[in-house]
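# Reading the structure
Letter by letter, the chains look like this.
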Amino acid sequence: MKVTVKYFTTLREITGMREELVEVEEGTTILQLMQKLAKKHGSEFKKYVFENDNTPKDFLQFLIDGQSTTTMQGNDTELREGVKVAVIPPVGGG
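Residues numbered from 1 in each chain as written. Predicted model: local features only at pLDDT ≥ 70, side-chain atom pairs only at ≥ 80, totals over all residues. Heavy atoms only, no water.

## Description of the pattern of salt bridges
All told, the structure shown has two salt bridges when counted by the stated rule. Residue Asp65 is joined to Arg80 by a salt bridge in which the shortest nitrogen-to-oxygen separation is 3.7 Å. Placement of the pair is Asp65 in the loop between β5 (61-64) and β6 (67-68) and Arg80 in the loop between β6 and β7 (84-88), with a sequence separation of 15 residues. Residue classification places Asp65 among the partly exposed residues on the basis of a relative accessible area of 46%. (Salt bridge = Lys/Arg side-chain N within 4 Å of Asp/Glu carboxyl O. Helix = DSSP H or I, 4+ residues; strand = E, 2+ residues; numbered from the N terminus. Buried < 20%, exposed > 50% of the residue type's maximum accessible area, 1.4 Å probe, protein only.)

Spelled out as structure tokens, the structure:
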């Protein structure tokens, strides 16, 4: 199945793209998607996203079709065909 991943700020710079279409297996979770993308995009992506291989950093927020995964099953939230996954960095201001 295919999902669209949207990148912002630092991840946009690391990947060199605003979004990409990613082929994943049925039942893939947010965590598994991020692990797959880390393998594809390399150590800089992995360093930005993960504390370790199994824990995305707390400051990142993942949205599936605009809904935060924290209101679902967190990093274990399973993806569906055609969803849009946004990786949202921390928002600062002043």
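## Side note on unusual backbone geometry
A positive phi angle, near 40°, is found at Thr9, a position not held by glycine. As for its placement among the helices and strands, Thr9 is situated in helix α1 (residues 9-15). Taking the relative accessible area as the measure of exposure, Thr9 reaches 47% and is therefore partly exposed. With phi around 50°, Asp65 is a residue other than glycine that occupies positive phi space.

## Some thoughts on the pairing of strand β2 (residues 19-23)
Covered by surrounding structure in β2 are Glu20 and Val22 only, the residues Glu19, Leu21 and Glu23 on the alternate face being uncovered. The pairing of strand β1 (residues 2-6) with β2 spans five bridges and is antiparallel. Considered in β2, the bridge of Lys6 is made with Glu19. (Pairing = 2+ DSSP bridges.)

## Comments concerning the packing of aromatic side chains
Throughout the structure, instances matching the rule amount to two aromatic pairs. Ring geometry for Tyr7 and Phe45: centres 6.3 Å apart, planes at 90°, overall edge-to-face. With a gap of 38 residues between them, Tyr7 in the loop between β1 and α1 and Phe45 in helix α3 (residues 43-49) connect regions that are remote in the sequence. With respect to class, Tyr7 is no different from Phe45; both count as buried. Pairing Tyr48 with Phe59 gives two aromatic rings, centres 5.6 Å apart and planes at 70°, and the pair type is edge-to-face. (Phe/Tyr/Trp six-rings, centres within 6.5 Å; stacked < 30°, edge-to-face > 60°.)

## With respect to helix α2 (residues 30-41)
For α2, with 12 residues, the first-to-last C-alpha span of 16 Å sits near the 16 Å given by 1.5 Å per residue. Of all the positions in α2, only Ile30, Leu31, Leu33, Met34, Leu37, Ala38 and His41 are classed as buried. Across the axial projection of α2, the buried residues extend over an arc of 160°, all falling on one side. Seen from the buried face of α2, the exposed residues on the opposite side, beyond 90 degrees, are Lys39 and Lys40. Phi for Gly42, located one or two positions after α2, is positive at around 95°. (Expected span 1.5 Å × (residues − 1). Arc of directions from axis to C-beta.)

Just geometry here; none of it tells us what the structure is for.
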